[in-house]
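The primary structure of each chain is shown beneath.
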Amino acid sequence: MTSINITQASLKDLAILQDLGRKTFYETFAPHNSEEQIQQYLEESFAEDKLAKELNHRDSLFFIAWEEENPVGYLKVNSGKAQTELQDETSLEIERIYVKSSHHGKKVGQLLYHQALETAVELKKQYLWLGVWEENHRAVGFYKKNGFEEFGKHVFRLGDEEQTDLMMKKILH
């Protein structure tokens, strides 16, 4: 495998993130959800204006994993008021780590996770947290392997369906 480079994304990367976000979310969740629910989520969550607003938010950072010129995964982290729930000034939320299925098992997710960890340390955060769908066993295992522990649950809405996310966190030393 060629080496993977991670770069911080900006507004100029909007179309790349939009495409990457839609593809990776679809690959991850389409087998377990109705096509209608998935399409509705993709339209709303990756709409150009919504993504542009997220990219411009001072408390959100996006990173793209590249294999040569090809984007193969991405990371979104949030601090402060950009966090989807806790909004604790001492924490950094990993809102999204997604990797194309063609690159599963090739350590791309691990590299993106290390970017999140590095960002948390740079921002002097005390812990990382995230929500992960309880049925996404691959992701739950990944986070447990990286030292995250479950501390609660919350509801994630996909269309008109409610799903349970495990809330996980990792204390930084």
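Please read these numbers as outputs of a predicted model, since none were measured by experiment. (Residues numbered from 1 in each chain as written. Predicted model: local features only at pLDDT ≥ 70, side-chain atom pairs only at ≥ 80, totals over all residues. Heavy atoms only, no water.)

Caption draft 1: Spotlight on the sheet that holds strand β6 (residues 149–158). Reading across from one edge, β1-β2-β3-β4-β5-β7-β6 is the order of the seven strands in this open sheet, with mixed pairing throughout. The strands lining the two open edges of the sheet, one partner per strand, are β1 (4–8) and β6. On average, each strand axis in the sheet is inclined to that of its neighbour by 25°, with strand direction left out of account. Here β6 pairs with strand β7 (residues 161–171) via nine bridges, running antiparallel. For G152, the partnering residue across the bridge sits in β7 and is M167. Sheet contacts for helix α2 (residues 35–45): β6 and β7; angle to β6, the most-contacted strand, approximately 95°. The sheet contacts of helix α3 (residues 48–56) involve β2 (60–67), β3 (70–78) and β4 (91–99), and relative to β2 the element is tilted by about 105°. (Pairing = 2+ DSSP bridges. Helix = DSSP H or I, 4+ residues; strand = E, 2+ residues; numbered from the N terminus. Axes fitted to C-alpha atoms, helices over the stretch in contact; angles between N-to-C directions. Contact = heavy atoms within 4.5 Å.)

Caption draft 2: A look at the pattern of salt bridges. Applying the stated criterion to the full structure yields nine salt bridges. The salt bridge partner of K23 is D19, with a shortest N-O separation of 3.1 Å. Here the residue K23 and the residue D19 both occupy positions in helix α1 (residues 14–29), the gap between them amounting to four residues, near one helical turn. A relative accessible area of 38% means that K23 is categorised as partly exposed. By relative accessible area, D19 is classed as partly exposed at 38%. Ionic pairing is found between K76 and E54, a salt bridge with its closest N-O pair at 3.1 Å. In this pair, K76 sits in strand β3 while E54 sits in helix α3, placing the two residues 22 residues apart along the sequence. Several salt bridges converge on common partners, so that one network encompasses K50, E54, K76, E95 and R96. (Salt bridge = Lys/Arg side-chain N within 4 Å of Asp/Glu carboxyl O. Buried < 20%, exposed > 50% of the residue type's maximum accessible area, 1.4 Å probe, protein only.)

Caption draft 3: Here's a closer look at the packing of α1 against α3. The contact between α1 and α3 brings their axes to 10 Å, and the two run at 115°. On the basis of their axis angle, the class for α1 and α3 is roughly perpendicular. As α1 runs across α3, the sense of the crossing is right-handed. Across the interface between the two elements, L14, L17 and Q18 from α1 touch E48, L51, A52 and L55 from α3. Its residues placed into classes, the contact of α1 with α3 shows five nonpolar, one polar and one charged. (Parallel < 35°, antiparallel > 145°, perpendicular 65-115°, else oblique. Left-handed = near helix turned anticlockwise from the far one by under 90°. Nonpolar A, V, L, I, M, F, W, Y, C, P; charged D, E, K, R; others polar.)

Caption draft 4: Quick peek at the side chain of Q163. By the secondary structure assignment, Q163 is in strand β7. A distance of 2.5 Å separates polar atoms of two side chains, one belonging to Q163 and the other to N33. In this structure, Q163 is in contact with N33, W133, H154, V155, F156 and L158, ignoring residues within four places of it in sequence. (Polar contact = N/O pair within 3.5 Å; in protein donor to acceptor, adjacent residues only side chain to side chain.)

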